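Tertiary structure, described
The lines below spell out each chain.
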Amino acid sequence: MNPNYKLPAAQDSYSFGFLDEFAKREIRRVILKAISIPGYQTPYASREMPMGRGFGTGGLQLTLAMIGPDDTLKVIDQGSDDSVNAVNLRKFAELTCPGVSTTESTADASLIQTRHRVPETALREDQVLNLQVPYPDPLVIVEPSEARRKVMHGEGDYARLLTKLYEDLVQFDEITISHRYPTRVNGHYVIDPSPIPRYDVPRLHQAKALMLFGAGREKKIYAVPPYTDAEPLVFDDIPFRTENFHTADGKRRPCARCGATDSFLDELNLETGGKAWQCSDTDYCNRQLAAANDREVTP
Amino acid sequence: MNRPDTTEQHDSVWSPLYQQRGFRALMTAFSFPGRRQQLPGCSDAAGPICIAAILCDKEVTLADPEQLIPSADILRLGIGEADTGQASFIIADGSQPPAFEPTIGTLSEPERGATVIVRVASLADSSDFPLICRGPGIDGQQTLAVRGLNSDWLQARTHWNRNFPMGVDLILVDDTQVVAIPRTTHISGGAN
Ligand SMILES: [Zn+2]
């Protein structure tokens, strides 16, 4: 979106939260059905937004349909509050939702809109995570017809998807899917959990917070409710493994900035030609750094 | 027409702020089935009408066979009326056995299963009708106490929800509190 976007002069004609009350009410109804049918891609009439689809309109519409002046909003993109996309979406929310507070702290947020990561800090029951989704249907790779995919989802029939995964496995000797790992929700629907790394998939399982997924271009909303099973599709003989960030000699690599050994790390190419690994979650990294500094100051 | 007027009082059920806060109470209720949520305070309607105002407008249909919503509010909602067998929303008195068969959706479109707003006498603590809820959104089990819910409702919803993902989602509501029972919730216990 255009970072200098301004609402037209006749601001009175805009609702709080940009969307009109009919659009909000429709998304609200769809959210309740999505929670009632965990993992089901519930269709909705995605509205035009002043930014291209693919810029997180699905996640943004979720946020705008539920946000109110009591909320504190955090927006992250690949774990960072400072990336251009996160900053622009946060600005848009500030512009269209007067009275709403924003924060970079996971713990202080009531609503978190995110692309590509689940925050490192465990979420609470009173928080909601809205994930931006580019491609909502994991069955697209095995079935081109949406009508047939909808029947397969309804029947919980994922035999062809499993076969496809297995072929990958035989060819590459391991599951090569790094992001968007197909995940079964409440023992029935398989979802595309959005482009989060495998590392984040186990954190959808039996989480305390509601997690909602919004796909603006495909006009779908789906949910992993709190305290709900979310299990990566696996085979008996091949365990699901998350990224481990081990060095060649098998040690867990620490974050080069804060020293954490329990976070998802981004690989950075240094100007000097080498590589460094650093937390992708900037709020988590800042907190670990502050805690480490505190320990140095207070003996 | 359910088009909230921004000049109205924030404690009016028709104000955008009320509807946003009310929706959040409902979203929390659906996230944690069986757990009571307080509806935001409101000056011009009681529980069942609050739920209709938050969720219903001209884009959906509502069946109100017992005429629990005053006709002026139906008009204000701008909602299309429909038979209980077709309506996306049904409003009913929980003290009576359900005398209808709501739509349960289809395998491809389970979201078309109805939402039934069930008016009950009280969701305040009481041991009259202790129900044990289990399922998504519930950490182990959740106890639910409700007065004014005919036990036939429990059998009816078991029947409606026999083929997941098809099914019916219930919103129990007294004057000020709400409890959601989506189709995924398993209920045991009860008076009889
Ligand atoms: Zn770090």
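Residues numbered from 1 in each chain as written. Chains lettered and ligands numbered in written order. Predicted model: local features only at pLDDT ≥ 70, side-chain atom pairs only at ≥ 80, totals over all residues. Heavy atoms only, no water.

Topic: the overall build of chain B
Scanning chain B from N- to C-terminus turns up 4 helices and 10 strands. Element order for chain B, N to C, with α for helix and β for strand: α-β-α-β-α-β-β-β-β-β-α-β-β-β. Whereas a compact globule of 192 residues would reach a radius of gyration of roughly 16 Å, chain B reaches 16 Å, a difference of no more than 12%. Counting only C-alpha atoms and orienting by the principal axes, one finds that chain B spans roughly 45 × 35 × 30 Å. Split into buried and exposed, the 192 residues of chain B put 56% on the buried side. Of the contacts made within chain B by residues no fewer than 6 positions apart, 64% connect residues no fewer than 24 positions apart. With the model as given, the accessible surface of chain B reaches about 7700 Å², and the carbon-plus-sulfur share is 46%. (Helix = DSSP H or I, 4+ residues; strand = E, 2+ residues; numbered from the N terminus. Rg over C-alpha atoms; globule rule 2.2 N^0.38 Å. Buried < 20%, exposed > 50% of the residue type's maximum accessible area, 1.4 Å probe, protein only. Contact = heavy atoms within 4.5 Å. Areas by Shrake-Rupley, 256 points an atom, 1.4 Å probe, with all protein chains shown as cover.)

Concerning the nonpolar core
The biggest cluster of nonpolar side chains holds 64 residues, and the ones touching the most others in it are Ile31 and Leu212 of chain A together with Leu26, Met27, Ile51 and Leu55 of chain B. For Leu212 of chain A, the residues in contact, after removing those within four places along its chain, are Ile31, Ile35, Leu62, Met66, Val128, Leu129, Asn130, Leu131, Tyr222 and Ala223 of chain A together with Met27 of chain B. Counting residues in hydrophobic clusters, the runner-up holds 37 residues, among them Leu129, Tyr189, Phe235 and Ile238 of chain A. (Core = buried A, V, L, I, M, F, W, Y, C linked by side-chain atoms within 4.5 Å.)

Describing unusual backbone geometry
Look at the link from Phe164 of chain B to Pro165 of chain B: it is a cis peptide, with omega at 10 degrees. Relative to the helices and strands, Pro165 of chain B resides in the loop between helix H4 (152–160) and strand E8 (169–173). The phi angle at His116 of chain A is positive, at roughly 75 degrees, despite the residue not being glycine. Along the polypeptide, His116 of chain A turns up in the loop between strand E4 (111–115) and strand E5 (128–132). The backbone of Asn186 of chain A shows a phi angle near 55 degrees, a positive value even though the residue is not glycine. As for its placement among the helices and strands, Asn186 of chain A is situated in the loop between strand E6 (183–185) and strand E7 (189–191).

Digging into the coordination of the zinc ion
Residues and elements named next belong to chain A. Bound to the zinc ion are the protein donor atoms Cys255 (SG), Cys258 (SG), Cys279 (SG) and Cys285 (SG), situated 2.2 to 2.3 Å from the metal. For the zinc ion, all donor residues lie on one chain, and their spacing in sequence is C-x2-C-x20-C-x5-C. Both residues of the pair, Cys279 and Cys285, belong to the buried class. (Donors = N, O, S within 2.8 Å, 3.2 Å for Na, K, Ca; no water.)

Description of the sheet that holds E5 of chain A
Residues and elements named next belong to chain A. Across the sheet, 7 strands lie side by side as E1-E9-E8-E5-E4-E2-E3; this open sheet has mixed pairing. Both outer strands of the open sheet, strand E1 (42–43) and strand E3 (101–102), are each paired with one neighbouring strand and no more. Sheet analysis places E1 next to strand E9 (residues 220–224), joined by 2 bridges and oriented antiparallel. Looking across to E9, one finds that Thr42 is bridged to Ile221. The strands touched by helix H3 (residues 84–96) within the sheet are strand E2 (72–77), E3, E4 and E5, with E2 carrying the most contacts at an inclination of about 155 degrees. (Pairing = 2+ DSSP bridges. Axes fitted to C-alpha atoms, helices over the stretch in contact; angles between N-to-C directions.)

Digging into the packing of helix H1 (residues 16–31) of chain B against helix H2 (residues 47–55) of chain B
All names here are of chain B. Running from amino to carboxyl end, H1 crosses H2 at an angle of 105 degrees, the nearest separation of the two axes being 9 Å. When the interaxial angle is binned, H1 and H2 end up roughly perpendicular. Seen from H1, the contacting residues are Tyr18, Gln19, Gly22, Phe23 and Leu26; seen from H2, they are Cys50, Ile51, Ala53, Ile54 and Leu55. Residue classes in the contact of H1 with H2 are distributed as 8 nonpolar, 2 polar and no charged. (Parallel < 35°, antiparallel > 145°, perpendicular 65-115°, else oblique. Nonpolar A, V, L, I, M, F, W, Y, C, P; charged D, E, K, R; others polar.)

Here we look at the interface of chain A and chain B
When the parts of a complex come together, some accessible area is lost, and that lost area is often used as the size of the interface. On the side of chain B, 45 residues touch chain A, which itself brings 40 residues to the contact. For the pair chain A and chain B, the summed buried surface comes to about 3500 Å²; carbon and sulfur atoms form 61% of the total. Where chain A packs against chain B, one counts 7 salt bridges. Between Lys33 of chain A and Asp169 of chain B there is a salt bridge, with the nearest N and O atoms lying 2.7 Å from each other. For the side of chain A that touches chain B, the secondary-structure elements that each account for two or more residues are helix H1 (21–36), E1, helix H2 (57–66), helix H4 (146–155) and strand E8 (210–215) of chain A. The element best represented in the side of chain A that touches chain B is H1 of chain A, accounting for 11 residues. (Buried area = accessible area lost by both parts, 1.4 Å probe. Salt bridge = Lys/Arg side-chain N within 4 Å of Asp/Glu carboxyl O.)

As for the confidence of the model for chain B
When pLDDT is averaged across chain B, the result is 92; 92% of the residues are at 70 or more. In the predicted assembly, ipTM is 0.96 and pTM is 0.94. (pLDDT = per-residue confidence, 0-100.)

Considering the environment of Met51 of chain A
Residues and elements named next belong to chain A. As for its position among the elements, Met51 is in the loop between E1 and H2. Overall, the relative accessible area of 8% leaves Met51 in the buried class. Taking the C-alpha atoms as reference points, Met51 and Thr228, 177 residues apart in sequence, are found 33 Å from one another.

Brief notes about the side chain of Thr96 of chain A
Among the secondary structure elements, Thr96 of chain A is positioned in helix H3. Within polar-contact distance, the side chain of Thr96 of chain A engages the backbone oxygen of Phe92 of chain A at 2.8 Å. (Polar contact = N/O pair within 3.5 Å; in protein donor to acceptor, adjacent residues only side chain to side chain.)

Some remarks on the side chain of Arg28 of chain A
Inspection of the secondary structure assignment puts Arg28 of chain A in helix H1. Nearest to the buried, unbridged Arg28 of chain A among oppositely charged side chains is Glu21 of chain A, at 4.4 Å. Within the local environment of Arg28 of chain A, its side chain forms a polar contact with the backbone oxygen of Ala65 of chain A, the two atoms lying 2.8 Å apart. Among all residues touching Arg28 of chain A, those that are not within four sequence positions of it are Glu21 and Ala65 of chain A together with Gln19, Gln20 and Phe23 of chain B. (Lys, Arg positive; Asp, Glu negative; His and termini not counted.)

Focus: helix H6 (residues 282–297) of chain A
All names here are of chain A. The terminal C-alpha atoms of H6, which comprises 16 residues, lie 22 Å apart, in line with the 22 Å expected from a rise of 1.5 Å per residue. Residues of H6 that are buried include every one of Asp283, Tyr284, Cys285 and Ala292, and no others. Contacts made by the buried residues of H6 are with E2 and strand E12 (275–279). (Expected span 1.5 Å × (residues − 1).)

Some words on the domain arrangement of chain A
Residues and elements named next belong to chain A. Here the domain parsing of chain A yields domain 1 (11–232) and domain 2 (244–299). Centre-to-centre separation of domain 1 and domain 2, based on C-alpha positions: 27 Å. In this complex, domain 1 contributes 14 residues to the contact, which on the side of domain 2 involves 11 residues. For the domain 1 and domain 2 pair, buried surface summed over both sides reaches about 950 Å², with 45% attributable to carbon and sulfur atoms. Summed over the shared surface of domain 1 and domain 2, the result is 0 salt bridges. Scanning the region where domain 1 abuts domain 2 turns up 8 residue pairs in polar contact (both at pLDDT 80 or more). Here the residues of the side of domain 1 that touches domain 2 sort into 3 nonpolar, 6 polar and 5 charged. (Domains from an automatic or database assignment.)

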